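Topology and contacts: notes
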Amino acid sequence: MAERMEIAAEDIAKAILEITGEALLKGDFDAFAAVFHVPQHMATIIGRIYMETHEDMRRAFDAMHRCFQETGVTELRREVTDARYISNIRIESTHVGETRTADGKIEGPYPVFSTIEKIDGTWKVTGGEYVMKADSMQTHALSKADTSARDALN
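Computed from a prediction, not measured in an experiment: that's the story for all the values here.

Cut-off values and rules
- All chains use their own residue numbering, which begins from 1 and follows the written sequence.
- Per-residue local features of the predicted model are confined to residues with pLDDT of at least 70, and side-chain atom pairs are confined, for both listing and counting, to 80 or more; whole-chain, interface and lining totals are unaffected and use all residues.
- Side-chain descriptors were evaluated using all non-hydrogen atoms of the structure, hydrogens and water having been removed beforehand.
- Each helix is a run of DSSP H or I of at least 4 residues and each strand a run of E of at least 2, with the numbering of both proceeding from the N terminus.
- To estimate the expected span of a helix, subtract one from its residue number and multiply by 1.5 Å.
- Only protein chains enter the accessibility calculation, which uses a 1.4 Å probe; a residue is then buried when its area is under 20% of its type maximum, exposed when over 50%, and partly exposed in between.
- To be clear, the arc concerns the directions from the helix axis to the C-beta atoms.
- Any two residues whose heavy atoms approach within 4.5 Å at even a single point are treated as in contact.
- Note on geometry: axes are C-alpha line fits, over the in-contact stretch for helices, and angles between N-to-C directions span 0 to 180 degrees.
- Throughout, the term roughly parallel applies to angles under 35 degrees, roughly antiparallel to angles over 145, roughly perpendicular to angles from 65 to 115, and oblique to all others.
- Think of it as three bins: nonpolar holds Ala, Val, Leu, Ile, Met, Phe, Trp, Tyr, Cys and Pro, charged holds Asp, Glu, Lys and Arg, and polar takes everything else, Gly as well.
- Buriedness of a pocket was judged along seven lines, with at least five required to meet protein on both sides within 12 Å; pockets are open sets of points on a 1 Å grid over the protein atoms alone, cavities are sets where a 1.4 Å probe fits but cannot get out, and lining residues have an atom within 4 Å of a point.
- Grid points are joined across faces, edges and corners, and a volume is the space filled by probe spheres set on the points.
- Centres within 6.5 Å are what make two rings of Phe, Tyr or Trp a pair, Trp counting through its six-membered ring; a difference in plane orientation under 30 degrees is then read as stacked, over 60 as edge-to-face, and the rest as tilted.

**As for helix 1 (residues 9-26)**
- For helix 1, with 18 residues, the first-to-last C-alpha span of 26 Å sits near the 26 Å given by 1.5 Å per residue.
- Among the residues of helix 1, those classed as buried are Ala-9, Ile-12, Ala-13, Ile-16, Leu-17, Thr-20, Gly-21, Ala-23 and Leu-24. In an axial view of helix 1, the angular spread of the buried residues amounts to 165 degrees, which keeps them on one side of the axis. In helix 1, the exposed residues that point more than 90 degrees away from the buried face are Glu-18 and Lys-26.

**With respect to the side chain of Thr-115**
- Mapping Thr-115 onto the fold places it in strand 5 (residues 106-119).
- According to the relative accessible area criterion, Thr-115 is buried, its value standing at 11%.
- Thr-115 has contacts with Arg-90, Ile-91, Lys-124, Val-125, Thr-126 and Gly-127, leaving out every residue within four places of it along the chain.

**Observations regarding the packing of helix 1 against helix 3 (residues 54-71)**
- In contact at an axis separation of 8 Å, helix 1 and helix 3 are set at 70 degrees when each is read in the N-to-C sense. When the interaxial angle is binned, helix 1 and helix 3 end up roughly perpendicular. Each of Ala-23, Leu-24, Leu-25 and Lys-26 in helix 1 lies in contact with helix 3, whose residues at this interface are Phe-61, Met-64, His-65 and Phe-68.
- Of the residues contributing to the contact of helix 1 with helix 3, the split by class is 6 nonpolar, 1 polar and 1 charged.

**Some thoughts on the layout of surface pockets**
- Put simply, the largest pocket is a space of about 150 Å³.
- Taken together, Lys-14, Leu-17, Glu-18, Gly-21, Glu-22, Leu-25, Leu-76, Arg-78, Glu-79 and Val-80 make up the lining of the largest pocket.
- Among the elements of the structure, helix 1 and strand 3 (73-87) are those that each provide at least two residues to the lining of the largest pocket.
- Residue composition of the lining of the largest pocket, by class: 4 nonpolar, 1 polar and 5 charged.

**Here we look at empty space enclosed by the protein**
- A complete count under the given rule lists 1 cavity of 30 Å³ or more for this structure.
- If you go around the largest cavity, you meet 27 residues; those closest to its centre are Leu-24, Phe-32, Phe-36, Arg-78 and Tyr-130.
- For the lining of the largest cavity, the secondary structure elements donating two or more residues are helix 1, strand 1 (36-44), helix 3, strand 3, strand 4 (90-101), strand 5, strand 6 (122-130) and helix 4 (137-143).
- Considering only residue class, the lining of the largest cavity consists of 21 nonpolar, 5 polar and 1 charged.

**Details of the packing of aromatic side chains**
- Within this structure, the stated rule accounts for 4 aromatic pairs.
- Each ring, one from Phe-32 and one from Phe-36, has its centre 4.7 Å from the other, and the planes form 25 degrees; the classification is stacked. You'll find Phe-32 and Phe-36 in the same group, each marked buried.
- Taken together, a centroid distance of 5.1 Å and an interplanar angle of 50 degrees make the contact between Phe-32 and Phe-61 tilted. On the criterion of sequence distance, the pair formed by Phe-32 in helix 2 (residues 29-33) and Phe-61 in helix 3 is long-range, its members being 29 residues apart. One exposure class covers both Phe-32 and Phe-61, and it is buried.

Structure below.
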């Protein structure tokens, strides 16, 4: 008989979205980084992103937070559309996200596929595929996590 899962996969995915959304809006990198595993590979419409270190993640986080501040984003709406256990330590989740500003401007909706794994007893995002427009501020910010961005600085 298969082991019963204690917490619904959807609840884990929702909790991670809540933590990361609040962290992005407030600029709290430590809270954000606590639910992501490095290294990891992500994908966007403009290509794969190789994030090997927390410094790589920090560049993307800072770029995203800065974009949100500069464009007046006040709300991240993200709704889990599917989440399921693949194993006792792996969840695959899809959510639809959008950003909103105080004056009603919206970017999105856009789908995101995430892999979430239990690492050392904690659920962490280990990969993602982001389907946002190529010229999206978020696509550009995510590209800052790529190791090539770090290499360009050296």
